[in-house]
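Given next are the chains, with one letter for each unit.
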Amino acid sequence: LGPLVGAIDQGTSSTRFLVFNAATAELLSHHQVEIKQEFPREGWVEQDPKEILDSVYECVEKTCEKMKELDIDIANIRAVGVTNQRETTVVWDKTTGEPLYNAIVWLDLRTQSTVERLLKRVPGKNKTFSKFKTGLPLSTYFSAVKLRWLLDNVEEIKFAVADGRALFGTIDSWLIWVCICGKDGGIHCTDVTNASRTMLFNIHSLEWDPDLCKFFEIPMDILPNVRSSSEIYGLMSFSPSFCKQESGALTGVPISGCLGDQHAALVGQMCFQDGQAKNTYGTGCFLLCNTGQKTVFSEHGLITTIAYKMGKDKPAFYALEGSVAIAGAVVRWLRDNLGIAQTSLEVEKLAEEVGTSYGCYFVPAFSGLYAPYWEPSARGIICGLTQFTNKNHIAFAALEAVCFQTREILDAMNKDCGIPLSQLQVDGGMTNNKILMQLQADILCIPVVKPSMPETTALGAAMAAGAAEGVDVWSLNPADLTAVTCERFEPQINPEESEYRYARWKKAVMKSMGWETSDGPSNGKPK
């Protein structure tokens, strides 16, 4: 079989461990565990960092067991890459290794009042005041305001910072720290892609920005060291006190790749050329377009981010990103909150039975609106209801919403880049939904192209890990990359109908805005 590479893919709704053949990029084995999201109050979204960790152990263990059953020697795993939900914020105690509070998830809105307070200190209350340093607008989405909230509201964290015991990190940092020795000398690091999502990182100098740290009043000594996306950070070595079961299977294997999940998908889709783009349908929806070694700043509500940096001495590449908060999460909401279906697949079937939303539009602004509006006061609405509307139409409207939101960010991308995309490369869990993919082609009026191996996020992390200096089992030379087989979805409705539906959607979006104010009763300290 030759050398293998593992990837830990820690997403918002599930954790996976996958093993790839470095020579052929074939997926050999994997295991997945769904993880809980906690909603302690309206707009709050948390996860337990220890549950996340346990899910990683479980996925590693189970995948290794499956490989033994397949007679594949796990000693051939030469490296492990990490890819993760971005912006989600963890603070832990480096002496005990214990998290000091739940992880505050990227979707969380509790920081709206923090954002408004900070905006008062900005001339003209300009949300994009740090755009040319960070690429980002001031928003509840990014890590700096979550960290500010934790420092303001959680006594244990205040004490730990004062004592010099606190470490901050996004999920990648938390996992790498624990997987490489933990409290017995853990490596506290992150990569440039994850750092670029904090609002504390200068995307030109590739360093933490002292002025921004001062603005958010964040002590720089709690921040992780920033490394490239592809280098050996350290060797796997679990601290025994942390690990319930013997996760010794991969002890001594280097962790040598680290990318935020959307950046990993860009790599996994082989978008290494300026102008290549991909759209990932996960909990949210993220369209990234590689802009090469130059930063491009959007005039249409997109953000500028680091795409990847494939080695210590390699240059950083940049991307424009359109971020949509709620995509797959709307299907989970129909399943778990409304109970109109037992499984995600059932939601697809409900939609398929009617083939239309019958004039019903669903704007799932559960966490406000991200790109291109950046409107935190928006909330979800379903409009155009009549006595004829039933759960099938609502299911269809939910799938349509994912497609309309993608159309909005694609329109913005086309305006910023000047060259319209002639087709859309897609990946992520929701792309298994054929109704959705056809609907997407119809609404965009361009073909949608899906690789037959949908795990591009994990593949990207494995590629970064395998290509790292000192591992060298995966070549990223364009000539050496294996061509991917794809499924194509061509537009099947006439563009006039598509435009009409899109115009109605835009009308619904306007009605979702300005709903919530932060001085409502739900913005208190934690109970």
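Everything numeric here is computed off the predicted structure, so don't read it as measured data.

## Looking at the sheet that holds strand S14 (residues 254–260)
Sheet architecture is open: six strands sit in the order S3-S2-S1-S5-S14-S13, paired in mixed fashion. In the strand order of this sheet, the two ends are held by strand S3 (27–34) and strand S13 (230–235), each with one partner. Strand-to-strand twist in this sheet, taken as the mean axis angle between neighbours without regard to direction, amounts to 25°. Note that strand S1 (residues 4–10) and strand S2 (residues 14–21) share seven bridges and pair antiparallel. If you follow Asp9 over to S2, its bridge partner there is Arg16. Each of S1, strand S5 (77–84), S13 and S14 touches helix H6 (residues 171–179); the most contacted strand, S5, lies at about 145° to it. Packing of helix H14 (residues 456–466) onto the sheet brings it into contact with S1, S2, S5, S13 and S14, and relative to S1 it is tilted by some 130°.

## What to know about the side chain of Ser256
Along the chain, Ser256 falls in strand S14. Looking at Ser256, the relative accessible area reads 0%, which means it is buried. Once residues within four sequence positions are removed from consideration, Ser256 is found in contact with Ala79, Val80, Ser229, Ser230, Glu231, Ile232, Tyr233, Ala464, Ala465, Ala468 and Val471.

## Details of the packing of aromatic side chains
Applying the stated criterion across every chain yields a total of 25 aromatic pairs. Ring plane angle 55° and centroid distance 5.9 Å describe the contact between Trp106 and Tyr141, whose orientation is recorded as tilted. A residue pair is termed long-range when its members are at least 10 positions apart, and Trp106 in the loop between strand S7 (103–104) and helix H2 (112–119) and Tyr141 in the loop between helix H3 (131–134) and helix H4 (143–153) qualify at 35 residues. Each member of the pair, Trp106 as well as Tyr141, carries the same accessibility label: buried. A network of ring pairs unites the aromatic residues Trp106, Tyr141, Phe142, Phe286, Tyr370 and Trp374 as a single cluster. Arg86 extends its terminal NZ or CZ atom over the ring of Phe286, reaching a point 5.0 Å from the ring centre. Sitting above the plane of the Trp149 ring, Arg110 keeps its charged end 4.7 Å from the centroid.

## Focus on the UniProt feature "domain: Carbohydrate kinase FGGY C-terminal" (unreviewed entry) in the protein chain
When the UniProt feature table is mapped onto this chain numbering, "domain: Carbohydrate kinase FGGY C-terminal" (unreviewed entry) sits at residues 278–468. Split by type, residues 278–468 is 36% helix and 21% strand. Its first and last C-alpha atoms lie 24 Å apart.

## A look at the packing of helix H12 (residues 391–417) against helix H13 (residues 434–444)
In contact at an axis separation of 9 Å, H12 and H13 are set at 45° when each is read in the N-to-C sense. One element, H12, and the other, H13, form an angle in the oblique class. The crossing of H12 and H13 is right-handed. In contact with Phe396, Leu399, Glu400, Val402, Cys403, Phe404, Thr406, Arg407 and Leu410 of H12, H13 contributes Ile435, Leu436, Leu439, Gln440, Ile443 and Leu444.

## Section: the environment of Cys181
Along the chain, Cys181 falls in the loop between H6 and strand S9 (189–191). Taking C-alpha positions, Cys181 is 7.5 Å from Met236, a pair spaced 55 residues apart along the chain.

## Thoughts on the sheet that holds strand S16 (residues 285–292)
Read across the open sheet, the seven strands follow the order S17-S18-S16-S15-S21-S22-S23; overall the sheet is mixed. One side of each edge strand has no neighbouring strand; the edge strands of this open sheet are strand S17 (303–308) and strand S23 (486–489). The sheet shows a mean angle of 30° between the axes of neighbouring strands, taken without regard to direction. Examined bridge by bridge, S16 and strand S18 (residues 317–324) share seven bridges and lie antiparallel to one another. Counted as the bridge partner of Leu288 is Glu321 from S18.

## Focus: the confidence of the model for the protein chain
When pLDDT is averaged along the protein chain, the result is 90; 95% of the residues meet or exceed 70. The model gives residues 240–246 a pLDDT under 50, and that stretch makes 15 contacts with residues more than four places away or in other chains.

## Observations concerning the side chain of Thr12
The topology assignment puts Thr12 in the loop between S1 and S2. A distance of 2.9 Å separates a polar atom in the side chain of Thr12 from a polar atom in the side chain of Trp106. When sequence neighbours within four positions are dropped, the list of residues in contact with Thr12 reads Ile35, Gln37, Gln47, Gln85, Val105, Trp106 and Thr283.

Cut-offs used in this document
- Residues numbered from 1 in each chain as written.
- Predicted model: local features only at pLDDT ≥ 70, side-chain atom pairs only at ≥ 80, totals over all residues.
- Heavy atoms only, no water.
- Pairing = 2+ DSSP bridges.
- Helix = DSSP H or I, 4+ residues; strand = E, 2+ residues; numbered from the N terminus.
- Axes fitted to C-alpha atoms, helices over the stretch in contact; angles between N-to-C directions.
- Contact = heavy atoms within 4.5 Å.
- Buried < 20%, exposed > 50% of the residue type's maximum accessible area, 1.4 Å probe, protein only.
- Phe/Tyr/Trp six-rings, centres within 6.5 Å; stacked < 30°, edge-to-face > 60°.
- Lys NZ or Arg CZ within 6 Å of the ring centre and 35° of its normal.
- UniProt positions renumbered as here; feature names shortened; annotations may be inferred.
- Parallel < 35°, antiparallel > 145°, perpendicular 65-115°, else oblique.
- Left-handed = near helix turned anticlockwise from the far one by under 90°.
- pLDDT = per-residue confidence, 0-100.
- Polar contact = N/O pair within 3.5 Å; in protein donor to acceptor, adjacent residues only side chain to side chain.

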